[in-house]
Amino acid sequence: MRPFLRNTHLMIRFFSTHSFSLKLNSTPIIPQSSRSLQIPFFKLPHGVSRPNSSSGICWFCSKSRIEAMQEAISYLSQREAAEVDEILMGPLGFSVDQLMELAGLSVATSIAEVYKASEYKRVLVLCGPGNNGGDGLVAARHLFHFGYKPFICYPKKTPKPLYAGLVTQLESLSVPFLTVEDLPLDLSKDFDIIIDAIFGFSFHGAPRPPFNDLIQRLVSLNEYEESNQRSPVIVSVDIPSGWHVEEGDISGSSFKPDMLVSLTAPKLCAKKFDGPHHFLGGRFVPPSIVNKYNLHLPPYPGTAMCVRIGKPPQVDIAALRENYISPEFVEENVEADPIRQFHKWFDDAIAANLREPNAMSLSTATSDGKPSSRMVLLKGVDEDGFVWYTNYESRKAHNLAENPRASLLFFWEGLNRQVRVEGSVQKVSEEESEQYFHSRPRGSQLGAIVSPQSSVVPGRHFLIDKYKELKDRFSNGSLIPKPKHWGGYRLKPELFEFWQGQPSRLHDRLQYSPCEIDGKKAWKVERLAP
Ligand SMILES: NC(=O)C1=CN([C@@H]2O[C@H](COP(=O)(O)OP(=O)(O)OC[C@H]3O[C@@H](n4cnc5c(N)ncnc54)[C@H](OP(=O)(O)O)[C@@H]3O)[C@@H](O)[C@H]2O)[C@@H](O)CC1
Ligand SMILES: Cc1cc2nc3c(=O)[nH]c(=O)nc-3n(C[C@H](O)[C@H](O)[C@H](O)COP(=O)(O)O)c2cc1C
Ligand SMILES: Cc1ncc(COP(=O)(O)O)c(C=O)c1O
Ligand SMILES: [K+]
């Protein structure tokens, strides 16, 4: 919901007691959460009352109320959490194994999103006697496969086949099991992450041995943190163990985790969590549960098993960095022809399922050397060069008219690779542009006619009005003529560089520049210092 709700006027139209549609500045909004979970209604924001008539009366509510709604997240009481558990495993047909597998996977993926295995390798998982402990065992297995080194402390093994199986699976991966006595009293040196999978929503009373001692060691870690000494981060599964499930840390003497992964929906104690990373996991909640408990939760993006709840933490931009780890990229293994090498890497980018691997930054410059860059989409590449399409009256087009030289840059983040290409630029033939133009979706064809690219327009309505008019004109499906001012460019490459990230910033850089061998045009490959 966040992106939709920055503006002031939100129109709410009621259909029944709870059901309403939302319109922001006249544009219908399908809340993402309801799209993915098919929630037919939203919780009423505090202070908004239902009109007397349910026949579709519309009115506006204020910005602060919208923000209140935006912040509204549902929390479950202890009783509700147990009830949801029963419904899932009763009428809804789930088995505990399934839910635990998905819960443990959510915990592992949440951790992997924030704490990279390259920096936070050693993970101690403290497992309690119930399902929360089972989630910890599952998370440990997934973390092993993600490249972490897990250790388990599971002092009260649950004598059920499900748990015995989870233990066997970890033993077969040679994951060490440590007794409480094996554990160092001071956990600060031996581990980078500690997963608290001791108690979940069935916790009650005060922690009994040996778990009281484990919890106390987590409290000591918080004290380390306060003294600015490096200590492991603590990740709590569902509930910070020792906290009251609804009231939180009532004694004020328990530990404060750095990350909380709420499962299914946050429990009431999560309101008291003020650490930097709150995630939601357990992507199995069906609409019937969402409706029954009036759940309002952030939607999971794409195929993710977890989603962040609340604001991302403040980051120190200067401290943001990745350590690249890639296979070596050496002279002996490259293609003699840089276009063939480009195709090889492009195929890798496709195989890695990267989003828009054909997106490239195009840099041009004015005749007096003022550079500018923007992204465009590569639409073809062969021995003649790299092709993209655009508006011939745009800023880039003016640059290219006065200085027909450009550079292209591809960055394939998931593969730690970039490719630089430099050369001279020419327009493609009218026939080639015609052919490509008509291959585009009709909406994009109309968009190209509507948009005087790079010139100032009076407002969004200018484009939308023109678009609607044209859409009507071409609604009979007739051919949309390509505007004269729209077409392709081809960059003929004169220099290439293939870059692959490596540890300690000692990256591989292989440059291809033109040369002549026996009077024939060829390419010289040279390694550049990173
Ligand atoms: N949708 C869902 O529902 C899903 C739920 N999932 C997971 O299940 C978790 C809930 O699991 P759960 O019900 O097994 O309870 P949990 O809190 O792990 O442990 C209970 C054990 O602790 C013990 N114990 C209690 N208090 C104690 C104390 N003071 N000191 C010492 N011991 C104490 C208690 O013993 P008892 O007191 O009964 O003798 C019992 O043995 C939930 O939080 C989530 O992580 C996910 O896997 C999948 C989706
Ligand atoms: C991923 C991506 C792909 C783009 N592809 C194109 C494209 O193929 N052609 C184009 O004209 N603009 C494309 N754009 C928009 C351009 O980046 C840019 O805004 C536009 O071409 C105007 O640039 P100019 O004013 O420098 O000429 C793309 C933008 C993004 C983010
Ligand atoms: C303004 C503009 N023109 C053209 C394109 C390329 O689109 P297509 O793939 O439909 O040719 C894009 C892509 O983002 C664009 O933003
Ligand atoms: K826990």
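Reading the values: the criteria
- Residues numbered from 1 in each chain as written.
- Chains lettered and ligands numbered in written order.
- Predicted model: local features only at pLDDT ≥ 70, side-chain atom pairs only at ≥ 80, totals over all residues.
- Heavy atoms only, no water.
- Near = heavy atom within 4 Å.
- Polar contact = N/O pair within 3.5 Å; in protein donor to acceptor, adjacent residues only side chain to side chain.
- Areas by Shrake-Rupley, 256 points an atom, 1.4 Å probe, with all protein chains shown as cover.
- Nonpolar A, V, L, I, M, F, W, Y, C, P; charged D, E, K, R; others polar.
- Salt bridge = Lys/Arg side-chain N within 4 Å of Asp/Glu carboxyl O.
- Helix = DSSP H or I, 4+ residues; strand = E, 2+ residues; numbered from the N terminus.
- Buried < 20%, exposed > 50% of the residue type's maximum accessible area, 1.4 Å probe, protein only.
- UniProt positions renumbered as here; feature names shortened; annotations may be inferred.
- Contact = heavy atoms within 4.5 Å.

### Quick look at the site of ligand 3
Near ligand 3 you find Leu377, Lys379, Tyr436, Arg440 and Gln453, and these make up its full shell. Lysine 379 has a polar side-chain atom sitting 2.7 Å from an oxygen atom of ligand 3. Coverage of ligand 3 by the protein chains reaches 54% of its 400 Å² of free accessible surface. Here the shell around ligand 3 is composed, by residue class, of two nonpolar, one polar and two charged.

### Some details on the pattern of salt bridges
Opposite charge on two side chains permits them to pair, given that their charged atoms come into close proximity. Under the defined criterion, the tally for this structure stands at 19 salt bridges. For the salt bridge of arginine 527 with glutamate 331, the shortest nitrogen-to-oxygen distance reads 2.9 Å. Placement of the pair is arginine 527 in strand E21 (residues 520-527) and glutamate 331 in the loop between strand E12 (306-308) and helix H9 (338-351), with a sequence separation of 196 residues. Glutamate 331 sits in the partly exposed class, given a relative accessible area of 32%. Among the ionic pairs, glutamate 469 bridges to arginine 473, the shortest N-O distance being 3.9 Å. A residue pair is termed a helical-turn pair when its members lie 3 or 4 positions apart in one helix, as glutamate 469 and arginine 473 do in helix H13 (residues 460-473) at four residues. Linked through salt bridges whose partners overlap, the residues forming this network are Glu331, Asp508 and Arg527.

### A few points about the site of ligand 1
Around ligand 1, a shell composed of 23 residues is seen, among which Asp85, Asp135, Gly200, Ser202 and Asp238 lie nearest. Here an oxygen atom of ligand 1 sits 2.5 Å away from a polar atom, N or O, in the side chain of serine 202. Alanine 206 is positioned such that a nitrogen or oxygen atom in its backbone is 2.9 Å from a nitrogen atom of ligand 1. For the shell around ligand 1, the elements supplying multiple residues, two or more each, are helix H3 (78-89), helix H4 (96-114) and helix H5 (131-145).

### So, the UniProt feature "binding site: K(+)" (unreviewed entry) in the protein
According to UniProt, the "binding site: K(+)" (unreviewed entry) feature falls on Asn132, Asp196 and Ser241. Across 110 residues in sequence, these annotated residues keep their C-alpha atoms within 9.8 Å of one another, forming a single compact spot. Along the chain, asparagine 132 turns up in helix H5. Apart from the residues lying within four places of it in its own chain, the contact partners of asparagine 132 are Asp196, Ala197, Ile198, Phe199, Gly200, Val237 and Asp238. Mapped onto the fold, serine 241 is located in the loop between strand E9 (233-237) and strand E10 (259-263). With sequence-adjacent residues up to four places away left out, serine 241 is seen in contact with Asp196, Ile198, Phe199, Ile215, Ser236, Ser254 and Phe255. In this structure the side chain of serine 241 is engaged in a polar contact, spanning 2.4 Å, whose partner is the side chain of aspartate 196.

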